[in-house]
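A closer look at the structure
Each chain, letter by letter, is given below.
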Amino acid sequence: MRDWLVQQRIKFKMVGGRKSHLVTNWEIQRKMKYEEELDPQFAQDVVKKLGSDNLFGCIQCGTCSATCPVSHHMDYSPRRIIAMTRAGFKDEVMRSFTIWLCASCYSCTVGCPKEIKITELMYTLKQKAIEEKVYPSRFPIPVLAREFARTVRNFGRNHEGLLLLRMFLKTNPFKLFTMSGLGSKLFFKGRLEIMPHTIKGKQQLLNILHAVENGNGNGNHGQ
Ligand code: SF4
Ligand code: SF4
């Protein structure tokens, strides 16, 4: 009986003088994180992959977040992503939508007074999230990035039709029906090939990708 009363009191908890939405015992979760739950190695792993440790020089001025054109859609602003990466909030950073919403416009990098490579950091976190298979499930951007990389590996180049087909099947199959009209228009105008073609010298491309992945290349952009 006492438990039931406690539960009812929680259910009708008042927030700001008004009844909140129904809150039950099992919905109550701790919001703060203890230090022992953080990953102290995370920042070092990211720095190693990024090839630069200048994110430790961040002064949290917020210029990157202010200049970012999509920060208002992000769950954590670029400034917060840097702070959380340094502090070891691995789970939150790796599963955030922010890294997938980054449009690679470089505004943050250009404006940063400490010359921190924020865009490169976003790429690095994306790569890491794909490698560790942690990203928002059914969110189209990571699926698109992964399928693009797979198509390029298989054929040496991208194939738009196959890429979209795979992406919709893995995110929202119903979208295929709504896009079918546009697809058939593109096909009859000769803008959409049915079958993918493999390029000549595909092995050379694979060698380049292999070199980049193993840190022998200069780029960080392979996804
Ligand atoms: S602009 Fe540079 S120094 Fe300022 S918060 Fe962003 S990363 Fe840090
Ligand atoms: S590169 Fe990404 S994080 Fe930086 S300003 Fe552009 S969208 Fe925002």
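Reference entry: report on the structure contained in this document. The structure displayed is predicted, hence computed values, not measured ones.

1. Quick look at the site of ligand 1
Surrounding ligand 1, one finds 14 residues, the nearest of these being Cys58, Cys61, Gly62, Cys64 and Cys112. Looking at the shell around ligand 1, the elements that each hand over two or more residues are helix 3 (63–67) and helix 4 (78–87).

2. A short note on the packing of helix 9 (residues 140–155) against helix 10 (residues 160–171)
Direction vectors running N to C along helix 9 and helix 10 enclose 140 degrees, while the axes themselves pass 9 Å from each other. Taken together, the axes of helix 9 and helix 10 are oblique relative to one another. Here the hand of the crossing between helix 9 and helix 10 comes out right-handed. Where helix 9 abuts helix 10, its residues Pro140, Val143, Leu144, Arg146, Glu147, Phe148, Arg150, Thr151, Asn154 and Phe155 lie against Leu162, Leu163, Arg166, Met167, Lys170 and Thr171. Classifying every residue of the contact of helix 9 with helix 10 by side-chain character gives eight nonpolar, three polar and five charged.

3. Examining the pattern of salt bridges
Evaluated as defined, the whole model comprises 10 salt bridges. Of the charged contacts in the structure, one is a salt bridge between lysine 90 and glutamate 132, with a shortest N-O distance of 3.2 Å. Here the residue lysine 90 occupies a position in helix 5 (residues 90–94), and glutamate 132 occupies one in the loop between helix 8 (118–131) and helix 9, the gap between them amounting to 42 residues. Judged by relative accessible area, which is 34%, glutamate 132 ranks as partly exposed. With a closest N to O distance of 2.9 Å, lysine 170 and glutamate 147 form a salt bridge. A residue pair is termed long-range when its members are at least 10 positions apart, and lysine 170 in helix 10 and glutamate 147 in helix 9 qualify at 23 residues. A network of salt bridges, in which partner residues are shared, links Arg146, Glu147, Arg150, Arg166 and Lys170.

4. Looking at helix 11 (residues 175–188)
The terminal C-alpha atoms of helix 11, which comprises 14 residues, lie 20 Å apart, in line with the 20 Å expected from a rise of 1.5 Å per residue. The largest bend in helix 11 is about 40 degrees, located at glycine 181. Following helix 11 by one or two positions, glycine 190 has its phi on the positive side, about 75 degrees.

5. Considering unusual backbone geometry
The backbone phi angle of tyrosine 106 is positive, close to 70 degrees, even though this residue is not glycine. Tracing the backbone through its elements, the reader meets tyrosine 106 in the loop between helix 6 (98–101) and helix 7 (107–111). Tyrosine 106 sits in the partly exposed class, given a relative accessible area of 29%. A positive phi angle, near 55 degrees, is found at lysine 133, a position not held by glycine.

6. Topic: the nonpolar core
Formed by 29 residues in total, the largest nonpolar core has its most connected members in Trp100, Ile118, Leu121 and Leu125. Elements with a minimum of two residues in this core: helix 2 (42–50), helix 4, helix 5, helix 6 and helix 8. It is helix 8 that contributes the most residues to this core, six residues altogether. Leaving out residues up to four positions away in the same chain, isoleucine 118 has contacts with Cys64, Pro78, Ile82, Cys108, Thr109 and Cys112.

Parameters at a glance
- Residues numbered from 1 in each chain as written.
- Chains lettered and ligands numbered in written order.
- Predicted model: local features only at pLDDT ≥ 70, side-chain atom pairs only at ≥ 80, totals over all residues.
- Heavy atoms only, no water.
- Near = heavy atom within 4 Å.
- Helix = DSSP H or I, 4+ residues; strand = E, 2+ residues; numbered from the N terminus.
- Axes fitted to C-alpha atoms, helices over the stretch in contact; angles between N-to-C directions.
- Parallel < 35°, antiparallel > 145°, perpendicular 65-115°, else oblique.
- Left-handed = near helix turned anticlockwise from the far one by under 90°.
- Contact = heavy atoms within 4.5 Å.
- Nonpolar A, V, L, I, M, F, W, Y, C, P; charged D, E, K, R; others polar.
- Salt bridge = Lys/Arg side-chain N within 4 Å of Asp/Glu carboxyl O.
- Buried < 20%, exposed > 50% of the residue type's maximum accessible area, 1.4 Å probe, protein only.
- Expected span 1.5 Å × (residues − 1).
- Bend = angle between axes of the 7 residues up to and from the residue.
- Core = buried A, V, L, I, M, F, W, Y, C linked by side-chain atoms within 4.5 Å.

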